Amino acid sequence: MRYLTAGESHGPELTAIIEGLPAGMPLLAEDINLELARRQAGYGRGGRMKIEKDQVRITSGVRHGKTLGSPITLIVENRDWKNWQTVMASEEVPKKEQTMRQVTHPRPGHADLVGGMKYHHADLRNVLERSSARETTMRVAVGAIAKKLLKELEIEVAGHVTVLGGIKAEIPAEISLTEIKERSEKSEVRVVDPNVEEQMKQLIDQTKKNGDTIGGVVEVLVGNVPAGLGSYVQWDTKLDAKLAQAIVGINAFKGVEFGVGFEAANLPGSKVMDEIIWSKATGYRRKTNHLGGFEGGMTNGETIIVKGVMKPIPTLYKPLMSVDIKTKEPYKASVERSDSTAVPAASVVAENVVATVLATEILAKFSSDSFAELKEAVANYRQYIKNF
Ligand code: EPS
């Protein structure tokens, strides 16, 4: 499976084309809309989310609720487009209108300045329109399809926020994946710990008042993954490495951890490796899951546990100093409408990009022209590894 996304933040619409899904998989627009709505929620979002109500239009590759095996095209309209038709017109516009909403004061931490240099853009809007996290809408739309495929194969994905602006959620040691899903879904900041919810919301309010932003950490878990996805044979076939790219590829994400992650630097090997056990009912298992479901770049059958850290959004209402790229004079950075935090939304994005990487890997490993064939191949393989 491969896909591309297109679209500017204030352009007419966002698009994705996905190729390589098997024929005969059940798929409805509502499966995708559900994920899109989850991404739009979350305490700390700015004015834009009051304008948009993301709804997908499927214009190819699906017929009567089932995939056709042909490329699937997804379209999400930007409702805000009606306010940007001249600024973002694809046609030529009169000279005096060319500078409307022009950006010449790059925001520190954003793609503005380097993107301008690289593509020779005198108006940094040409950069920010595509570098905007609005694009994650389509990564979630694609991820929703991937999630649907995983669900049909009984693979479950959950995501939640573990840290927001330095406040840590307490995560019960024995919490199940289903419970993580249920609890975080009820929370406006997508945490499983109701005790920190209020504190986090207050911090978001205070941050907004200060004209500042906050980041955090999100965690994604994937349960019931068959062992043996990914490979040790080449650096770029390692599945954890592919997931790391997908996570750090989310706007504003700066780092990634699997299982105990960076804590492994402080522990002896005996506290990091997971002992191997076998029973007739479950096949091979690990006694613990410190490694977060990966050995040798391959899934080992334990729950995948991957974390990503998101820096605070660089658009600040109380801006940092920058330079005007025309005059070279010091200037305050541009203030674009923005969110005080998007960490809760980013946890939904993280779930979906992880789902996409896994679905892609499954489709590469198993027979995948027809969905029935795929299901059968995965079921047979699960049986085989149990008795290996
Ligand atoms: C974003 C700036 C804001 C956010 C946007 C990401 O948009 P605007 O400039 O239109 O107010 O709301 O996020 C989305 C639109 C979205 O769908 O998540 C940015 O600069 O990255």
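The rules behind the values
Residues numbered from 1 in each chain as written. Predicted model: local features only at pLDDT ≥ 70, side-chain atom pairs only at ≥ 80, totals over all residues. Heavy atoms only, no water. Pairing = 2+ DSSP bridges. Helix = DSSP H or I, 4+ residues; strand = E, 2+ residues; numbered from the N terminus. Axes fitted to C-alpha atoms, helices over the stretch in contact; angles between N-to-C directions. UniProt positions renumbered as here; feature names shortened; annotations may be inferred. Buried < 20%, exposed > 50% of the residue type's maximum accessible area, 1.4 Å probe, protein only. Contact = heavy atoms within 4.5 Å. Polar contact = N/O pair within 3.5 Å; in protein donor to acceptor, adjacent residues only side chain to side chain. Left-handed = near helix turned anticlockwise from the far one by under 90°. Nonpolar A, V, L, I, M, F, W, Y, C, P; charged D, E, K, R; others polar. Salt bridge = Lys/Arg side-chain N within 4 Å of Asp/Glu carboxyl O. Near = heavy atom within 4 Å. Areas by Shrake-Rupley, 256 points an atom, 1.4 Å probe, with all protein chains shown as cover.

Engineer: What exactly am I supposed to notice about the sheet that holds strand β2 (residues 13–19) here?
Structural biologist: Pairing within the open sheet is antiparallel, and its four strands lie in the order β1-β2-β6-β3. Strands with a single pairing partner mark the edges of an open sheet, and in this sheet they are β1 (2–6) and β3 (56–60). In this sheet, adjacent strand axes meet at a mean angle of 20° when their direction is disregarded.

Engineer: Just checking my understanding: could you explain the sheet that holds strand β10 (residues 253–258) for this structure?
Structural biologist: Two orientations exist for strands paired in a sheet by backbone hydrogen bonds: parallel and antiparallel. Taking strand neighbours across the sheet as the criterion, the five strands line up as β8-β7-β9-β15-β10 in an open arrangement whose pairing is antiparallel. With one partner strand each, in any of the chains shown, β8 (167–168) and β10 form the two edges of the open sheet.

Engineer: What's the story with the UniProt feature "binding site: FMN" (unreviewed entry) in the protein chain in this structure? I'm lost.
Structural biologist: UniProt feature "binding site: FMN" (unreviewed entry): in the numbering of this structure it lies at Arg 130, Ser 131, Ser 132, Asn 251, Ala 252, Gly 296, Lys 311, Pro 312, Ile 313, Pro 314, Thr 315 and Arg 337. The annotated residues occupy 208 residues of the chain and do not converge on a single region, their most distant C-alpha atoms lying 43.9 Å apart. Taking the relative accessible area as the measure of exposure, Pro 312 reaches 37% and is therefore partly exposed. In contact with Pro 312, not counting residues within four places along its chain, are Thr 213, Ile 214 and Gly 215. Structurally, Arg 337 can be placed in the loop between β17 (330–332) and α10 (343–365). With a relative accessible area of 40%, Arg 337 lands in the partly exposed category. Sequence-distant contacts of Arg 337, defined by excluding residues within four places in its chain, comprise His 10, Gly 47, Arg 48, Ile 51, Asp 80 and Tyr 317.

Engineer: Before we go on, may I ask you to explain the environment of Ser 90 in this structure?
Structural biologist: Tracing the backbone shows Ser 90 in the loop between β6 (72–77) and α3 (95–98). Looking at Ser 90, the relative accessible area reads 72%, which means it is exposed. Here the alpha-carbon distance between Ser 90 and Asn 289, two residues 199 residues apart in the chain, equals 52 Å. Reaching out from Ser 90, the side chain makes a polar contact with the side chain of Glu 91 at a distance of 3.5 Å.

Engineer: Before we go on, may I ask you to explain the packing of helix α9 (residues 239–248) against α10 in this structure?
Structural biologist: Geometry of a packed helix pair, given as the angle between the helix axes and the separation of the axes. At a minimum axis separation of 9 Å, α9 and α10 run at an interaxial angle of 145°. Read as a crossing pair, α9 and α10 show a hand that is right-handed. Two secondary-structure elements touch here, α9 through Leu 239, Lys 242, Leu 243, Ala 246 and Ile 247 and α10 through Ala 350, Val 353, Val 354, Val 357, Leu 358 and Glu 361. Of the residues belonging to the contact of α9 with α10, the class tally is nine nonpolar, no polar and two charged.

Engineer: Would you mind showing me how to read the pattern of salt bridges here?
Structural biologist: Pairing between side chains becomes possible if they bear opposite charge and their charged atoms approach one another. This model, assessed by the stated rule, comprises 27 salt bridges. Between Arg 45 and Asp 339 there is a salt bridge, with its nearest N and O atoms 2.9 Å apart. Pair noted here: Arg 45 is in the loop between α1 (29–40) and α2 (48–51) and Asp 339 is in the loop between β17 and α10, with a separation of 294 residues, a long-range link. We classify Asp 339 as buried; its relative accessible area is 13%. Salt-bridge contacts for Glu 302 lead to Arg 285; the nearest nitrogen and oxygen are separated by 2.8 Å. Residue Glu 302 is located in the loop between β14 (298–299) and β15 (304–310), and its partner Arg 285 is located in strand β12 (residues 283–286); the two are separated by 17 residues in the primary sequence.

Engineer: I would appreciate a short explanation of the site of the ligand in the present structure.
Structural biologist: His 10, Arg 39, Arg 45, Arg 48, Met 49, His 110, Ser 132, Ala 133, Arg 134, Thr 137, Arg 337 and Asp 339 make up every residue found near the ligand. Between the ligand and the protein, one listed contact pairs an oxygen atom with a side-chain N or O atom of His 10 at 2.7 Å. Here an oxygen atom of the ligand sits 2.7 Å away from a polar atom, N or O, in the side chain of Arg 48. Protein chains shield 93% of the accessible area of the ligand, which is 470 Å² for the free molecule. Of the residues that constitute the shell around the ligand, the class distribution is two nonpolar, four polar and six charged.

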